[in-house]
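# Tertiary structure, described
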Amino acid sequence: MESEGSVVLVGGYGVVGVRLARLLRERYPKLPLVIAGRRQEQAAALASQLGLAQGVAMDIRARDPLAVLKGRPAAVVTLVNDPEDHLLVWAARAGVPLLDITRWTSRMRSAMLRLSGTPPRAPVLLGSSWMAGLVPRLVAVAAARVGALAQVDVGIRFALADVAGPDSLEYMDRLALSFEVKEDGQERHVLPLTDGRKVTFSDGKSTRVFRLDTPEQATLPAVLGARGVATRMGFDADSATWALVVLQRLGVLKLLQHPRLTRLRRALLATSNKGGDAAWVADVVGEHGRVRVEVVDPKGQAHLTAVGALLGVERLLGVDGAPPHAPGVWFPEHEPRAEHALAALRACGVQVRLDESLVGAAPVPSKVAA
């Protein structure tokens, strides 16, 4: 199958993949797309709807997953888990730019170790932070205004009615495992669902949020030198959030880690898939003051994740006003392209607000007791 110059969406007919494919088609009508996945019929059906696209069956566990293609793609986007790193290694060796949005923190670190032995011949953009790297990308935009980062506090409101695919619920598997963070420049381990605080959004609603393992808590200190980063999440119904907190405190979540209980474990976070908005805020404190970034997407977290992935694809293709990355490992916060990112978000219907009214104010404490 001819794929020269195309963007290959692996997992392209999934919940996020469909939305990304449509965004790419809307913004770049002449860009050839390849929709790849395990099921040929579903891939071909979406490709037919999009036009100037092909559908192909692909086994991501094959040693060379993209052997079914002919020609060199312009970029490959991994929208499903790459458990054995076959796509990652293939892209590194073949010199094809790759965007991966599927890795939790430990898997992201393992990818970096894997690539240290197979230096990429093209850029590899690890965009697995919250909303396909949207959080660290906009934190980097804020950092350009406040200087050296002292503290970043991210608060996420997850709508229980939102549309979510199976891969998006895999972080449930890690809710009983401690993870490493930076606080005041020092590394320490914290447990998920601890260290709660209340976040008030622009719609006036307050949500109780708790610690969650997300990759930006590792990449923002490494890339931007942030001395402390804390990401917290809560449901739009506080009762659901507190239910998980209680299960954590009682040790039930740890007991549920047995592989045979995976379905039950993930059912605790199952959504109704009726649709809901996605919202998050980031309080960014630097040497020159602070900025609050607030993002709301009425179309939900799957759409917002697709928009984050869209920005990653544009970065790899070099259509965001800057040359493409050189070969190597990159993260979304390396090149935020503020004007382009903000314009693209708003063009996709995402509400973005950067509140600089407090620039020049003294930093605030990063911890708030539950």
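Everything in this summary refers to the structure shown in the same document. (Residues numbered from 1 in each chain as written. Predicted model: local features only at pLDDT ≥ 70, side-chain atom pairs only at ≥ 80, totals over all residues. Heavy atoms only, no water.)

### Concerning the pattern of salt bridges
Threshold: Each salt bridge in this description consists of a side-chain nitrogen of Lys or Arg and a carboxyl oxygen of Asp or Glu lying within 4 Å of one another. By the criteria applied, helices consist of DSSP H or I runs no shorter than four residues and strands consist of E runs no shorter than two, each listed in order from the N terminus. When accessible area is computed with a 1.4 Å probe and restricted to protein chains, residues below 20% of their type maximum are described as buried, those above 50% as exposed, and intermediate ones as partly exposed.
Taken as a whole, this structure holds 21 salt bridges when the rule is applied. The partner of Glu84 in a salt bridge is Arg61, with the nearest N and O atoms 3.0 Å apart. Of this pair, Glu84 sits in the loop between β4 (75-78) and α3 (86-94) while Arg61 is found in the loop between β3 (53-57) and β4, placing the two residues 23 residues apart along the sequence. Classification of Glu84 as partly exposed rests on a relative accessible area of 36%. Its relative accessible area of 47% is what places Arg61 among the partly exposed residues. Close ionic contact of Asp320 with Arg315 constitutes a salt bridge, the shortest N to O distance being 2.6 Å. The exposure class assigned to Arg315 is buried, which follows from its relative accessible area of 2%. Connected via shared salt-bridge partners are Asp153, Glu183, Arg188, Asp195, Arg197, Arg211 and Arg232.

### Things to note about the environment of Leu20
Quick note on the threshold: Note on definitions: a residue-residue contact is assigned when non-hydrogen atoms from the two residues lie within 4.5 Å.
If you trace the backbone, Leu20 turns up in helix α1 (residues 15-27). Using a relative accessible area of 0% as the deciding quantity, one classes Leu20 as buried. Spatially, the C-alpha atoms of Leu20 and Leu79 are 9.7 Å apart, while their sequence positions differ by 59 residues. Among all residues touching Leu20, those that are not within four sequence positions of it are Leu9, Val77, Leu79, Ala306, Ala309 and Leu310.

### Structural notes on the sheet that holds strand β14 (residues 289-297)
Note the threshold: We call two strands paired when DSSP finds no fewer than two bridges between them. The convention used is that axes are lines fitted to C-alpha atoms, helices contributing only their stretch in contact, and that angles between N-to-C directions extend from 0 to 180 degrees.
Read across the sheet, 7 strands follow the order β10-β11-β12-β7-β13-β14-β16 without closing on themselves; strand pairing throughout is mixed. Looking at strand neighbours, the two that pair on one side only are β10 (197-200) and β16 (351-355), the edges of this open sheet. Along the sheet, successive strands turn relative to each other by an average axial angle of 25 degrees, direction set aside. Against the sheet, helix α6 (residues 216-224) engages β7 (149-158), β11 (206-211) and β12 (229-235), with an angle of about 155 degrees to β12.

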